[in-house]
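# Report on the structure
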Amino acid sequence: MNPDPARPFGRVLTAMVTPFADDGTIDLAGAQELAASLVDRGAHDGLVIAGTTGESPTVTDAEQRAVLEAVIDAVGDRAAVVAGVGTNDTAHTIEKARDAERLGAAGLLVVTPYYNKPPQAGLLRHFTAVADATDLPVMLYDIPPRSVVPIEVETLVRLAEHPRIVAVKDAKGDLGAMSWTMARTDLAYYSGEDMLNFPILAIGGVGVVSVVGHVVGPRLAELVAAVESGDLVKARAVHESLLPVYSGVMGGGQGVMMIKAALRELGLPAGPVRPPLVDATPEQVAKLRTDLTAGGVAL
């Protein structure tokens with residue numbers, strides 16, 4: 001692949017679930033099948049493996065390496081396979097980053113360290129150390145609802161000076177901070193919050209790292225293309241048509257619980273979630289089916 005520097009990981013990526021067998025073990029064949037479906041039929045430029053939607057908190061490092069290697073083998077010749085390597089321990093994150101590079105990942109997704117609430121100086125040191133550790137491009141993941149600490153604009157401006165820190169997955173939802181950062185840096189912004197895909201693209205975002213992309217990838221590609229062409233009327237129409245899907249997947253419970261339920265309804269590999277998450281209830285699945293149907297997903 002020859003990435004566009006302005007869109008270093010493409011336009012449409014999905015934070016892929018980690019398929020499990022019924023007994024809770026990793027389903028590597030299912031991961032390869034799902035990855036191939038997303039790339040070959042779902043209009044995806046890339047996939048993020050072992051992110052939050054991949055249940056990284058409950059998938060061991062060895063399992064994450066196995067899934068990453070399997071997905072790279074399946075689609076790495078035609079999609080950017082980005083490894084989620086972020087933890088709240090800089091040394092551990094560096095170790096995972098080096099493993100991902102060795103396995104052939106196209107890039108790294110590095111989340112803001114969670115729980116230990118580092119100051120901005122700590123974030124600067126953490127992200128810089130990880131970016132220094134490999135030759136892979138880095139996408140920062142700014143998600144204060146999970147990490148508590150946001151990456152502030154001034155910190156992002158300094159991080160953008162690093163040659164390998166090239167992008168941000170934004171789930172902070174602060175359009176003003178995003179606008180200032182885009183105005184002051186060359187960082188490529190990817191929407192990390194599906195309901196805000198359209199507004200983030202409209203203010204200069206280059207693509208999406210989606211959860212609902214599991215089921216509506218081609219329509220997200222249509223949304224990105226409409227914004228890029230300047231046709232905001234069409235883009236808004238696509239956005240509004242997707243609202244029931246956004247609400248059904250992200251509003252009914254944890255995103256991974258609901259998107260795994262959606263994949264099971266579509267006959268695609270997913271399996272159960274791991275504790276402490278729980279699978280969607282029959283009532284939740286029934287509402288999800290209604291929302292997906294209203295959003296144009298054929299079940």
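Residues numbered from 1 in each chain as written. Predicted model: local features only at pLDDT ≥ 70, side-chain atom pairs only at ≥ 80, totals over all residues. Heavy atoms only, no water.

## Observations regarding the UniProt feature "binding site: pyruvate" (unreviewed entry) in the protein
- UniProt's feature table lists "binding site: pyruvate" (unreviewed entry) at Thr53 and Val209, given in the numbering used throughout. These annotated residues cover 157 residues of sequence, and their C-alpha atoms lie no more than 10.8 Å from one another, placing them together at a single site.
- One can find Thr53 in the loop between β2 (46-49) and α2 (61-75).
- Given the relative accessible area of 9%, Thr53 is considered buried. (UniProt positions renumbered as here; feature names shortened; annotations may be inferred. Helix = DSSP H or I, 4+ residues; strand = E, 2+ residues; numbered from the N terminus. Buried < 20%, exposed > 50% of the residue type's maximum accessible area, 1.4 Å probe, protein only.)

## Examining helix α1 (residues 28-40)
- An ideal rise of 1.5 Å per residue puts 18 Å on 13 residues; α1 measures up with 18 Å between its terminal C-alpha atoms.
- Residues Gly30, Ala31, Leu34, Ala35, Ala36, Ser37, Leu38 and Val39 constitute the buried set of α1.
- Buried residues belonging to α1 abut β1 (12-15), β2, α2, α9 (213-228) and α11 (255-265). (Expected span 1.5 Å × (residues − 1). Contact = heavy atoms within 4.5 Å.)

## A closer look at the packing of α1 against α2
- As a packed pair, α1 and α2 sit with axes 9 Å apart at the nearest point and diverge in direction by 45°. For the element pair α1 / α2, the angle class is oblique. Pair α1 / α2 crosses with right-handed handedness. The segment α1 lies against α2, with Leu28, Ala31, Gln32, Ala35, Ala36 and Val39 engaging Ala66, Val67, Ala70, Val71, Asp73, Ala74 and Val75.
- For the contact of α1 with α2, the class distribution of residues is eleven nonpolar, one polar and one charged. (Axes fitted to C-alpha atoms, helices over the stretch in contact; angles between N-to-C directions. Parallel < 35°, antiparallel > 145°, perpendicular 65-115°, else oblique. Left-handed = near helix turned anticlockwise from the far one by under 90°. Nonpolar A, V, L, I, M, F, W, Y, C, P; charged D, E, K, R; others polar.)

## What about the nonpolar core?
- With 86 residues, the main nonpolar core has Val71 and Val75 as its most contacted residues.
- Those residues within four positions of Val71 in sequence are excluded, and the remaining contacts are Met16, Ala31, Ala35, Leu47, Ile49, Gly76 and Val81.
- Membership of the second largest hydrophobic core comes to 16 residues, among which are Val48, Leu109, Met139 and Tyr141. (Core = buried A, V, L, I, M, F, W, Y, C linked by side-chain atoms within 4.5 Å.)

## Focus: the packing of α9 against helix α10 (residues 232-250)
- Closest axis-to-axis distance for the α9/α10 pair is 8 Å, and the angle between their directions is 155°. It follows that α9 is roughly antiparallel to α10 by the angle criterion. Considering only the axes of α9 and α10, their crossing is left-handed. Contact residues: α9 offers Val215, Val216, Arg219, Leu220, Glu222, Leu223, Ala226 and Val227, while α10 offers Leu232, Lys234, Ala235, Val238, His239, Ser241, Leu242, Val245 and Tyr246.

## A short note on the side chain of His239
- Structurally, His239 is set in helix α10.
- Excluding residues within four positions of it along the chain, His239 makes contact with Met195, Phe198, Leu223 and Tyr246.

## Focus: the UniProt feature "active site" (unreviewed entry) in the protein
- Following the UniProt record, one finds the feature "active site" (unreviewed entry) at Tyr141 and Lys169. Spanning 29 residues, the annotated positions come together in the fold, the maximum distance between their C-alpha atoms being 4.7 Å.
- Mapped onto the fold, Tyr141 is located in strand β5 (residues 138-142).
- Setting aside residues up to four positions removed in sequence, Tyr141 forms contacts with Thr52, Leu109, Val110, Val111, Thr112, Ile151, Lys169 and Ala171.
- Residue classification places Lys169 among the buried positions, given a relative accessible area of 5%.
- Here Lys169 is in contact with Ala15, Leu109, Met139, Leu140, Tyr141, Asp142, Tyr190, Gly192 and Val209, once residues within four sequence places are set aside.

## Comments concerning the sheet that holds strand β4 (residues 107-111)
- With respect to topology, eight strands assemble into a closed barrel ordered β1-β2-β3-β4-β5-β6-β7-β8, the strand pairing being parallel. Taking the axes of each pair of neighbouring strands and ignoring which way they run, one obtains an average angle of 25° across the sheet.
- Sheet topology places strand β7 (residues 188-191) next to strand β8 (residues 207-210); two bridges connect them, and they run parallel. Pairing of Ser191 across the sheet is with Val208, part of β8.
- The sheet contacts of helix α4 (residues 120-133) involve β4, β5 and β6 (165-170), and relative to β4 the element is tilted by about 160°. (Pairing = 2+ DSSP bridges.)

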